[in-house]
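Coordinate analysis (summary)
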Amino acid sequence: MDIKIIGMTDQQEAYVGSNDRKFRINEFLIIEDPMGDILGEVVEVHTYNRYITMPKEGEMLNQELIENLVALGFNLEEDTVYLGKIRLLEESNYPIETGSSCRVPLFDEVKKYFMTESLNKSLNIGLIRNTYDIFKTCPDEYKNLCETLEDGEFKEQRELPYLLNLYGMHQYPHIGIFGGSGSGKSYGLRVLIEELMQKNVPGIILDPHYEMDFTLRSKDGYGPDYSANFSKFVIGENTGIRFTDINTRELKALIGTSSKLTEGMESVIESLHKPNDSLESFSNRLKRLIDGQKIGNSQKIQDMALSSEGEERRNLEEILKVYNIYNDKCPPSSVFGVSWRFNRLLKLKIFEHDSNLVYDCIKMGKIAVIQGSVKIIQVYSTYIISSLYDLRRDYKDSIINEKSMDYFPPFFIITDEAHNFAPQSFDGNGDLSSKYILREIAQEGRKYGVFLVLATQRPSLLDSTITAQLNTKFIYRTTRSTDIQTIKEETDLSVEQTARLPYLKTGDVFLSESAIGRTMYVRVRASHTLTPHGENPFDELYDRQEQAVSDMIELIKDFLPVNELNLMSVCKDIQDNRGQVYSVEQLKNILEDLTDKGYLIKEKGLLVKYMLNE
């Protein structure tokens, strides 16, 4: 295999040529330079023969390069020449020497560039594309680790595994997963979560799409059983917020999820909320203040109380007491604003349960899947993330301060559609309370062992402060120019890699990991589990239609033959024998439809036979 360095070179890039070896994009080669071996990655590939029209000026192959090929012994008149542009993984101190030979590296020669930690301290994300030749020389411990899904078929491992350094997240925290619809983003997120569950790493998933279930297997015998590694919680059904547990800061954050609070509204909440308030006591205090302000002043309230009796008088006396204490501190407009937002919060039924089961789940090293609508998760996430983060931070601080406190483990916070919880905004309007706790964790969480995994189709819509803290990024197929620009600014993708983003195959990803210090081209492994929403909607449609036909044939077959004269008696027989009620017109329409589609055969005006498509 004759591979040579051709053309002009520098300390970072060179061109390679070969008569018999086709170069693969993102494959690795060792340049046998006189000053020592140098590892490079192929970032651009071409093929040349004399029958092909010459490229435009400025492209890879020009007249100077052709002359260089001839000088190095390439026969351009008779042979096809394979060309590649190679970029060094580490900048050299001197230009690469033209004419140097190149070869495929052995595993031991490149291991340090691919694997920064052992298998048991890493997450097996998938396979490094175009490492077939290197894979042949790797130890058995790196083989048979996973399969990939290619064109709907499971394929055995034939390339080096990509091992994400879990332990390295202490230094390089937080993960961003970016990609457009259908790019494989959610699939890759599932693989990452499976790996965390295998390592018994706890975490909380915000799941507005109800798809993070890990019981449905993708293939019999492939991967472990995760049923004991996660629990699902539906807000308002088996998890929520116990009102007595929240402090004034948390209550302001919760009420502010409907829309941003003014300074006056914040002051109202600070005045009205008391330590250990119950939902009833706070609600009553707020309602009585509103009722008093509607009446107008203390004298009017007092006069109304004196002219009333029994329960009504006692209620007015309570209104007067609250009014006298809080009216001067709480402007009516701000009080009504708080009341409106608080009532919206009550409609979500978020205060009907506590979060103890979620805390227990995290303590047991499991993944807690939080399900609900986007709106209700926006509200609940503000509370639950803050609470979990406080528990972990307080535990770590207690060690430094030599205090005794119950252990609370490090954990991950994981969400798809992350821009719904931490949106980018320039004027502050529409900001969510959840953004500020996520931003705090993005900046400070590493110290306490709290890590983010944020996936989104629109990285340009994710808060830029948070995006800047995502040290590892999965970049799937992306087509929007604004999102590609954000990716350019936040990653080390090369010009060639960025240009390929709109054309990446589903499941292929550029993986930029700070612990490695470069971007790798990876095929995400086949997931061990499937989303419950994986059924093709058209399969569902046609299956339901076929089932409806089968059910109707089963219903009618014992009452054939049928004609218009006995339709009424058939309707009665169906009701008496099957318990189903049809009008004559309904039954007639159903039978005509089945006849038109060939499921029933008409002879001499009678529907006498039935058949089902095999």
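What comes next is a walk through the structure. (Residues numbered from 1 in each chain as written. Predicted model: local features only at pLDDT ≥ 70, side-chain atom pairs only at ≥ 80, totals over all residues. Heavy atoms only, no water.)

Observations regarding the environment of aspartate 140
Position of aspartate 140 relative to the elements: it lies in the loop between α3 (132–135) and β8 (147–150). Along the sequence, aspartate 140 and glutamate 312 sit 172 residues apart, while their C-alpha atoms lie 82 Å from each other. (Helix = DSSP H or I, 4+ residues; strand = E, 2+ residues; numbered from the N terminus.)

A look at the side chain of asparagine 165
With respect to the helices, strands and loops of the structure, asparagine 165 is situated in strand β10 (residues 161–165). According to the relative accessible area criterion, asparagine 165 is buried, its value standing at 7%. Within polar-contact distance, the side chain of asparagine 165 engages the side chain of threonine 116 at 3.0 Å. The residues touching asparagine 165, leaving out its near neighbours within four places in the chain, are Thr116, Glu117, Lys121, Ser122, Glu513 and Ala515. (Buried < 20%, exposed > 50% of the residue type's maximum accessible area, 1.4 Å probe, protein only. Polar contact = N/O pair within 3.5 Å; in protein donor to acceptor, adjacent residues only side chain to side chain. Contact = heavy atoms within 4.5 Å.)

Remarks on a nonpolar patch on the surface
Residues Phe538, Leu541 and Tyr542 make up a contiguous nonpolar surface patch of roughly 330 Å² in combined accessible area. For tyrosine 542, the location among the structural elements is in helix α17 (residues 537–556). (Patch = residues over 30% accessible without salt bridge, like charges linked within 9 Å, V, L, I, M, F, W, Y side chains within 5 Å. Areas by Shrake-Rupley, 256 points an atom, 1.4 Å probe, with all protein chains shown as cover. Salt bridge = Lys/Arg side-chain N within 4 Å of Asp/Glu carboxyl O.)

Some details on the nonpolar core
Judged by nonpolar contacts, the single largest core of 69 residues is most densely connected at Phe351, Tyr380, Ile384 and Ile413. Ranked by the residues each element gives to this core, the list is headed by helix α12 (residues 374–400), at nine residues. Ignoring sequence-local partners within four residues, the contact set of isoleucine 384 consists of Ile204, Ser355, Val358 and Tyr359. By size, the runner-up hydrophobic cluster in this structure holds 51 residues, among which are Ile125, Tyr162, Leu196 and Met197. (Core = buried A, V, L, I, M, F, W, Y, C linked by side-chain atoms within 4.5 Å.)

Remarks on the packing of helix α7 (residues 279–295) against helix α10 (residues 332–347)
The interhelical angle for the contact between α7 and α10, taken along N-to-C directions, is 140 degrees, at an axis separation of 10 Å. Classed by the angle they form, the pair α7 and α10 counts as oblique. The handedness of the crossing between α7 and α10 is left-handed. Taking contact as the criterion, the partners of Leu279, Phe282, Ser283, Leu286, Leu289, Ile290, Gln293 and Lys294 in α7 are, on α10, Pro332, Val335, Phe336, Val338, Ser339, Phe342 and Leu346. Along the lines of polarity and charge, the residues of the contact of α7 with α10 split into eleven nonpolar, three polar and one charged. (Axes fitted to C-alpha atoms, helices over the stretch in contact; angles between N-to-C directions. Parallel < 35°, antiparallel > 145°, perpendicular 65-115°, else oblique. Left-handed = near helix turned anticlockwise from the far one by under 90°. Nonpolar A, V, L, I, M, F, W, Y, C, P; charged D, E, K, R; others polar.)

A look at unusual backbone geometry
With a phi angle near 55 degrees, asparagine 144 is a residue other than glycine that sits in the positive phi range. Overall, asparagine 144 belongs to the exposed group, its relative accessible area being 72%. Of note, the phi angle at histidine 174 is positive, near 75 degrees, even though the residue is not glycine. As for its position among the elements, histidine 174 is in the loop between β10 and β11 (175–178). A relative accessible area of 1% means that histidine 174 is categorised as buried.

A short note on the environment of asparagine 238
Within the secondary structure layout, asparagine 238 lies in the loop between β13 (230–234) and α5 (248–255). Its relative accessible area of 31% is what places asparagine 238 among the partly exposed residues. The residues contacting asparagine 238, other than those within four sequence positions of it, are Lys232, Phe233, His353, Asp354 and Leu357. Among the polar contacts listed, one links the side chain of asparagine 238 to the backbone oxygen of lysine 232, at a separation of 3.5 Å. Of note is the side chain of asparagine 238, whose polar atom sits 2.7 Å from the backbone nitrogen of valine 234.

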